[in-house]
Amino acid sequence: MAVSKRQRGFTLIEIIAGIIVVGIITLVVTAGMGPLFRQSVDPWQQVRAAELGQSLINEILSRRFDENGSSAIGEARCGESGISCTTLPANCPTDPSAMTFREEADRTEFDDVDDYHCLELIGPDVADTLAQSLTDDYRGFTLQVRVSYQQPDTLKRIVVSVNTPQQQIIEFAALRGNW
């Protein structure tokens, strides 16, 4: 019985050539999609950073302006009646004992904006105001807070820098007035 050319299958060389072509196409497609996967993570990380940054800004803004002033209505504030406002160092000290501007040692006890100056939250330190760790939800995120006077005795600038796991730094800023 004679076999016609129509019934003939692929040769081994044709199959190997086809596998190589499919492999090259797959490599090109997946290599091109790799950066897209990273880009699709960035917006998600930015949303997470915004949650952390805004939450910490709200926490700080809920505290009084200065340790030396009253938050009660009708009572003297720092910068008035001979009461001086706290002096903040321009650079954060590397030695925690040099943070004399911070009266409270624990974040759960911070009662004024200055206490947050030079605060760094890394790993398990990333927590809510009740000191409950947020590490599981925000693994790899770090936060830094810097407070400075925008206008002496009347306005402080608060900057919260959130570093995402992809090392993207997103800054949030707010002003806290002495009124």
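Residues numbered from 1 in each chain as written. Predicted model: local features only at pLDDT ≥ 70, side-chain atom pairs only at ≥ 80, totals over all residues. Heavy atoms only, no water.

Draft legend 1. Seen up close, the state of the cysteines. This model, assessed by the stated rule, comprises 2 disulfides. Here C78 connects covalently by a disulfide to C85, the sulfurs 2.1 Å from one another. Here the disulfide of C78 and C85 is right-handed, its torsion about the S-S bond being about 85 degrees. The same class applies to C78 as to C85, namely buried. Between the sulfur atoms of C92 and its disulfide partner C118 the distance amounts to 2.0 Å. As the torsion about the S-S bond is roughly -90 degrees, the C92-C118 disulfide counts as left-handed. Here C92, found in the loop between α1 (12–61) and β1 (120–122), pairs with C118, found in the loop between α1 and β1; they are 26 residues apart in sequence, far enough to count as distant. Looking at the protein, its bonded cysteines, counted consecutively from the start of the sequence, adopt the pairing 1-2, 3-4. (Disulfide = S-S within 2.5 Å. Buried < 20%, exposed > 50% of the residue type's maximum accessible area, 1.4 Å probe, protein only. Helix = DSSP H or I, 4+ residues; strand = E, 2+ residues; numbered from the N terminus.)

Draft legend 2. Molecular detail of the nonpolar core. In terms of nonpolar packing, the biggest core is built from 26 residues, with L56, I60, L143, V145, I158, V160 and V162 touching the most fellow members. Contributing elements (two or more residues each) for this core: α1, β2 (142–151), β3 (155–163) and β4 (169–177). Once residues lying within four places of it in the same chain are set aside, the contact partners of V145 are L56, I60, Y116, H117, C118, L119, I158, V159 and V160. (Core = buried A, V, L, I, M, F, W, Y, C linked by side-chain atoms within 4.5 Å. Contact = heavy atoms within 4.5 Å.)

Draft legend 3. Region of interest: unusual backbone geometry. Positive phi is not limited to glycine here, since C118 has a value of about 70 degrees. Of the residues examined, C118 reaches a relative accessible area of 6% and is grouped as buried. Of note in this structure, D153 is not a glycine but carries a positive phi near 65 degrees. Among the residues examined, D153 registers a relative accessible area of 32% and is labelled partly exposed.

Draft legend 4. Up close: the packing of aromatic side chains. Applying the stated criterion across every chain, the model contains 3 aromatic pairs. Ring geometry for F65 versus Y149: centroids 6.5 Å apart, planes at 65 degrees, classification edge-to-face. Residue F65 is found in the loop between α1 and β1, and its partner Y149 is found in strand β2; the two are separated by 84 residues along the sequence. With relative accessibility at 27%, the residue Y149 sits in the partly exposed group. Taking 5.8 Å as the distance between ring centres and 80 degrees as the angle between the ring planes, the aromatic pair formed by Y138 and F141 counts as edge-to-face. (Phe/Tyr/Trp six-rings, centres within 6.5 Å; stacked < 30°, edge-to-face > 60°.)

Draft legend 5. Structural detail: the sheet that holds β1. What the 4 strands build is an open sheet, ordered β1-β2-β3-β4; its pairing is antiparallel. The sheet is open, and its two borders are formed by β1 and β4, each paired with just one other strand. Strand-to-strand twist in this sheet, taken as the mean axis angle between neighbours without regard to direction, amounts to 15 degrees. (Pairing = 2+ DSSP bridges. Axes fitted to C-alpha atoms, helices over the stretch in contact; angles between N-to-C directions.)

Draft legend 6. Spotlight on the side chain of T86. You can see T86 is positioned in the loop between α1 and β1. A polar contact is formed between the side chain of T86 and the side chain of D66, at a distance of 2.9 Å. Residues in contact with T86, not counting those within four places in the same chain, are D66, E67, N68, F101, D114 and Y149. (Polar contact = N/O pair within 3.5 Å; in protein donor to acceptor, adjacent residues only side chain to side chain.)

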